[in-house]
Amino acid sequence: MITTSSSTLTRAAALFCTGLALAFSAQAAAPKIMKKVPPEFPAEAVKASVSNGVVKAKMSIDAEGAVTGVDILEAQPRKVFDKAVTRALMDWRFEASGEKQSHEVKLVFNNED
């Protein structure tokens, strides 16, 4: 049988909670956007009579704040707006943080024409 003192358990719980708080605060700090480029509404979507859509994307950001890659996480409708989103997001810039980061965005397309 293993016995532990209540002070050991309290210390372990405090360390665990501190670790969780640090993990959540690291996730909560979103990179600061310095330049946003809106995606163009694709002509292919107009030709296909698609008037709206939603794309969720994840950007990889280097230490200097440049976007180095874009992953499409969700898209409705699928594959209609992906290229326009990727082109636009690759031109976004973030404040340099000195380390690699990632940032997720949700873009909504609506063409009333």
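Residues numbered from 1 in each chain as written. Predicted model: local features only at pLDDT ≥ 70, side-chain atom pairs only at ≥ 80, totals over all residues. Heavy atoms only, no water.

Visitor: What is the right way to read the overall build of the protein from this model?
Guide: Looking only at helices and strands, the protein features three helices and five strands. Helices and strands in the protein line up, N terminus first, as α-β-α-β-β-α-β-β. Looking at the protein as a whole, 26% of its 113 residues qualify as buried. Considering only contacts within the protein whose residues lie at least 6 apart along the sequence, 70% involve residues at least 24 apart. Carbon and sulfur atoms make up 55% of the accessible area of the protein, which totals about 8,200 Å². (Helix = DSSP H or I, 4+ residues; strand = E, 2+ residues; numbered from the N terminus. Buried < 20%, exposed > 50% of the residue type's maximum accessible area, 1.4 Å probe, protein only. Contact = heavy atoms within 4.5 Å. Areas by Shrake-Rupley, 256 points an atom, 1.4 Å probe, with all protein chains shown as cover.)

Visitor: Just checking my understanding: could you explain the pairing of strand β3 (residues 67-76) for this structure?
Guide: Looking down a regular strand, the side chains alternate between one sheet face and the other. With eight bridges joining them, strand β2 (residues 52-61) and β3 adopt antiparallel strand pairing. In the sheet register, V54 faces β3, and the bridge partner there is Q76. Between β2 and β3, which pair antiparallel and follow one another directly, the connecting turn spans five residues, one of which, G65, has a positive phi of 100°. (Pairing = 2+ DSSP bridges.)

Visitor: Explain the nonpolar core to me, please; I cannot follow it from the model alone.
Guide: Taken as a class, soluble globular proteins show a tendency for nonpolar side chains to be buried jointly. Among the nonpolar cores identified, the biggest contains 17 residues, and M59, F81, V85, L89 and W92 are the most heavily contacted of them. For this core, the secondary-structure elements that each account for two or more residues are β2, β3, α3 (82-89) and β5 (101-110). Tallying contributions element by element places β2 first for this core, with four residues. Discounting chain neighbours no more than four positions away, the residues touching L89 are A57, M59, V67, V70, V105 and L107. (Core = buried A, V, L, I, M, F, W, Y, C linked by side-chain atoms within 4.5 Å.)

Visitor: Would you mind showing me how to read the pairing of β2 here?
Guide: Here β2 shows one buried face, formed by G53, V55, A57, M59 and I61, and one open face, formed by N52, V54, K56, K58 and S60. Pairing analysis gives 10 bridges linking β2 to β5, with the strands arranged antiparallel. From the neighbouring strand, S60 faces β5, where its bridge partner is S102.

Visitor: Even after reading the chapter, I still don't get the sheet that holds β2, so can you show me in this structure?
Guide: Remark on secondary structure: sheet strands pair via backbone hydrogen bonds, oriented parallel or antiparallel. Pairing is antiparallel in the open sheet, where three strands are placed in the order β3-β2-β5. Edge positions in the sheet fall to β3 and β5, since each of these pairs with one other strand and no more. Averaged over all neighbouring strand pairs, the angle between strand axes comes to 25°, with direction disregarded. Of the strands in this sheet, β2, β3 and β5 touch α3, which is tilted by about 150° from β3. (Axes fitted to C-alpha atoms, helices over the stretch in contact; angles between N-to-C directions.)

Visitor: Got a minute to help me understand the pattern of salt bridges in this structure?
Guide: Side chains that carry opposite charge are capable of pairing whenever their charged atoms lie near each other. Taken as a whole and assessed by the stated rule, the structure comprises one salt bridge. K56 is paired through a salt bridge with E104; the nearest N and O atoms lie 3.7 Å apart. Taken as a pair, K56 in strand β2 and E104 in strand β5 lie far apart in primary sequence, 48 residues in all. (Salt bridge = Lys/Arg side-chain N within 4 Å of Asp/Glu carboxyl O.)

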